[in-house]
Amino acid sequence: MVDVQFRFREDEAVNDPAVTVDSFGEQSNATAVRIEPGDDARDLLPHLNRLSLVEVSFPAWTDGRGYSSARILREAGYAGELRAVGDLVIDMLSHLKRCGFDAFAPDKALNEQDAQNAFDRWENVYQATGVDGRQAIWAKRHG
Amino acid sequence: MYKYDEYDQQMVDTRVAEFRDQVRRRLAGDLTEDQFKPLRLQNGLYLQLHAYMLRVAVPYGTLNSAQMTLLGDIADKYDRGYGHFTTRQNIQYNWIKLEDTPDILAELAKVEMHAIQTSGNCIRNISSDQYAGAAAEEIVDPRPYAELLRQWSSFHPEFLVLPRKFKIAVIASETDRAAMRLHDIGIKMVKNDAGEIGAQFYAGGGMGRTPMIAPLIREFVPLDQLITYSEACLRVYNRYGRRDNKYKARIKILVHELGRDEYVRQVEEEFAHLLTQPIEPPLAELERIKTHFVDPGFEAGASDDLDLTDPDFRLWVERNTHAHKQAGYVIATVSLKPVGGIPGDATGEQIRLMAQLAKDYSFDELRVTHAQNIVFPHVKKADLYTVWQALDAAGLSTANLDTVGDIIACPGLDYCALANARSIPVAQKISERFGSAERQAELGELKLKISGCINACGHHHAGHIGILGVDKKGLENYQLLLGGSEGADTSLGQITGPGFTEDGVVDAIEKATEVYLANKQGEERFLDTYRRIGMAPFKEAIYG
């Protein structure tokens, strides 16, 4: 179990063991699940109301499938903790957050100050992801 | 052309700060080269054979004279006095020091330029028709749509680590000058039966080791769904594009393996879902962008007369100019392919001269073409001789647009860490052999493209004549291809047979041109004759 280094939620941290997507379908009492890059996040959509934690695994940060998985879950209304786990790099933290992640558990702890700078880096953004609560530049232009 | 507002400026300034921080962490040893590499690539910084190479974005190939002037200054200050214009309408510098790059980016940001996503597995600089806004036959100016997509694709959080690089081209005329169907996504702006403008989408084209022509995936995407549809195309690719093998990771392989119909089905399903999400900019944003692309103040009733008594000028006008939509004006192309030169290279001084000429005679605008030339899009015919004289004095008046001397070539083994063979010396030998005015006139339109390896940066698949450099038991060897085209009639070239030495391939081209001249009917171009008579007579002449 890796430690959560950054968390942007007010509620109590969830520490239930996360099960694989396959076994989640069979275990009706599980409340935490872990998505690997090849898993289809949409398999979880019928069960969102009993989930309180979804971990999305990044075995290598250059595999970007987890970004789509995160957004798909948020677009479907998932409001529980969405935790990025694995090979996280400082420079991608704010992009992960924009896709809906609100907790970060890197394999190796990141430099706190550099990470904070990275989270705060982009004051404005070009796109609306619809899942990060941020207003796109085009919305500000025509607000 | 597009002018940054405070938000756009802030985005590039932020990027400079971010990159400066990354370089600091790299130089301090906090980032290993392995960790730094994907980050610097997203900023167009490659480690080549001899030094770092920095690729600067020229969005859809359009730039103003202040930007062009700075590109010349960077060549002098940070490189060895020249820059290299690329097939993606960008410019790259081959002799850059890592510690200088944050300062170069900061200078670029001051003139609204950047190197964002000019490399890496993300959405690259969007290319377009170099005659946009000036050509007589276009339906609309494609650049506002390209700019909308530029902003959408810049730092798009979901699509920064795709399976592989992703290239988009936007055109808006029947004449395809951007090799649109050889892109990951090709977009053609069209008008439907109701007279509305929309976007026709093609997906899964590309060159590289497995060249493919993109199939049509949607006839018409309304303008108020353009971003949403693009997002659907990218999401399906990000989720299902192959990541197990980098040579099979481009979207063309996904579209090919799924089949066009299944890819379309998945995109449509994702599109229907994304239409429920609040992600599409309002049409007002497109309208705002369009106001940056209104016609410059053309002089009404400007004369169409041209004094062509100077024979060299006449030749250049015939070869290097194109009809303009406005009477009394013309589109002029500056060839960066002098006989014996390096295709696409220009000195700092030449770059600044072109900037000054654009300022004085082309409403402050220039274009970079995917064939590695520079365009003055709006020259008054009355000024054309003056412009030509200035170009001529600077060694920039080569009259060879779209002829055998107008060669596209990648940097090849002289610079590139991936190359198997040199491209530049082959290009030089070909232009020396065929570059005379008489030879070029005789051979007419003949697009020749050279790649130094299978990655096809020199577009050899799409050349009427293509050359591919390979490594054969430690020796450079050149394969010859015939019959490719990047135009509206896109086709892929076929290999003639066994490869050649550097001199041998030049001789083989000579033989191919002899077959063309002996069989040519009427006004046929080399490509037309090849298509009519097929490969056999060429093969016989070359190997017989």
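Residues numbered from 1 in each chain as written. Chains lettered and ligands numbered in written order. Predicted model: local features only at pLDDT ≥ 70, side-chain atom pairs only at ≥ 80, totals over all residues.

We now examine the overall build of chain B. When you go through chain B residue by residue, the secondary structure sums to 17 helices and 20 strands. Against the 2.2 N^0.38 benchmark of 24 Å for 544 residues, chain B shows a C-alpha radius of gyration of 23 Å, consistent with a compact globule. Seen through its C-alpha atoms, chain B measures out along the principal axes to roughly 60 × 60 × 60 Å. For chain B, with 544 residues in total, the buried portion stands at 56%. (Helix = DSSP H or I, 4+ residues; strand = E, 2+ residues; numbered from the N terminus. Rg over C-alpha atoms; globule rule 2.2 N^0.38 Å. Buried ≥ 20, exposed ≤ 12 C-beta atoms within 10 Å, placed from the backbone.)

The next point concerns the packing of helix α13 (residues 424-434) of chain B against helix α15 (residues 502-519) of chain B. All names here are of chain B. It is the contact of α13 with α15, at a shortest axis distance of 10 Å, that shows an interaxial angle of 40 degrees. In this view, α13 runs oblique relative to α15, as classed from their interaxial angle. Judged by the sense of rotation from one axis to the other, the crossing of α13 with α15 is right-handed. Only E502, V505, V506, I509 and E510 of α15 make contact with α13, whose side of the interface consists of P425, V426, K429, I430 and R433. Looking at the contact of α13 with α15 residue by residue, the classes come out as six nonpolar, no polar and four charged. (Axes fitted to C-alpha atoms, helices over the stretch in contact; angles between N-to-C directions. Parallel < 35°, antiparallel > 145°, perpendicular 65-115°, else oblique. Left-handed = near helix turned anticlockwise from the far one by under 90°. Contact = placed C-beta atoms within 7 Å. Nonpolar A, V, L, I, M, F, W, Y, C, P; charged D, E, K, R; others polar.)

Moving on: helix α4 (residues 101-110) of chain B. Residues and elements named next belong to chain B. The set of residues buried in α4 consists of T101, I104, L105 and L108. All buried residues of α4 lie within an arc of 100 degrees about the axis, which places them on one face of the element. Next to the buried residues of α4 lie α1 (6-27), β1 (45-47), β2 (52-56), α3 (65-78) and β5 (91-96). In the stretch just after α4, E112 is the one whose phi turns positive, near 65 degrees. (Arc of directions from axis to C-beta.)

Moving on to the sheet that holds β1(B). All names here are of chain B. Strand order in the open sheet formed by five strands is β1-β2-β5-β4-β13, with antiparallel pairing between adjacent strands. For this open sheet the edge positions go to β1 and β13 (345-347), each flanked by a neighbour on one side alone. For this sheet, the mean angle separating the axes of adjacent strands, direction not counted, is 30 degrees. With three bridges connecting them, strand β4 (residues 82-85) and β13 associate as antiparallel partners. Paired with G83 across the two strands is A346, which belongs to β13. (Pairing = 2+ DSSP bridges.)

A separate point is unusual backbone geometry. All names here are of chain B. The backbone phi angle of D402 is positive, close to 65 degrees, even though this residue is not glycine. Mapped onto the fold, D402 is located in the loop between α12 (384-393) and β16 (408-409). Overall, D402 belongs to the partly exposed group, with 19 C-beta atoms counted inside 10 Å. Unlike most non-glycine residues, K473 shows phi in positive territory, near 50 degrees. Inspection of the secondary structure puts K473 in the loop between β18 (465-472) and β19 (475-482). A count of 5 C-beta atoms within 10 Å places K473 in the exposed class.

To continue, consider the interface of chain B and chain A. Contact residues are listed per partner, giving 31 residues for chain B and 26 residues for chain A. Listed by contribution, the elements that provide at least two residues to the side of chain B that touches chain A are α1, α2 (33-41), α5 (143-153), α6 (226-240) and α9 (283-290) of chain B. Grouping the amino acids of the side of chain B that touches chain A by side-chain chemistry returns 15 nonpolar, nine polar and seven charged.

Turning our eyes to something else, we now look at the domain arrangement of chain B. Assigned domains within chain B: domain 1 (6-110), domain 2 (142-290), domain 3 (311-393) and domain 4 (408-543). Each partner contributes residues to the interface: domain 1 of chain B has five residues there, and domain 4 of chain B has seven residues. (Domains from an automatic or database assignment.)

On to the nonpolar core. Judged by nonpolar contacts, the single largest core of 163 residues is most densely connected at B:V170, B:F201, B:A203, B:C233, B:M354 and B:A512. With sequence-adjacent residues up to four places away left out, B:M354 is seen in contact with B:M68, B:V334, B:L366 and B:I374. Counting residues in hydrophobic clusters, the runner-up holds 33 residues, among them A:L53, A:L93, A:A115 and A:V131. (Core = buried A, V, L, I, M, F, W, Y, C linked by C-beta atoms within 7 Å.)

What follows concerns the sheet that holds strand β9 (residues 197-203) of chain B. All names here are of chain B. The strand order across the open sheet formed by five strands is β6-β7-β8-β9-β10, and the pairing between neighbours is mixed. The two strands at the open ends of the sheet, each matched to only one other strand, are β6 (127-128) and β10 (216-222). With two bridges joining them, β6 and strand β7 (residues 168-171) adopt parallel strand pairing. When the bridges of β7 are listed, S128 appears paired with V170. Here α5 sits on the sheet in contact with β6, β7, β8 (185-191) and β9, set at roughly 155 degrees to β7.

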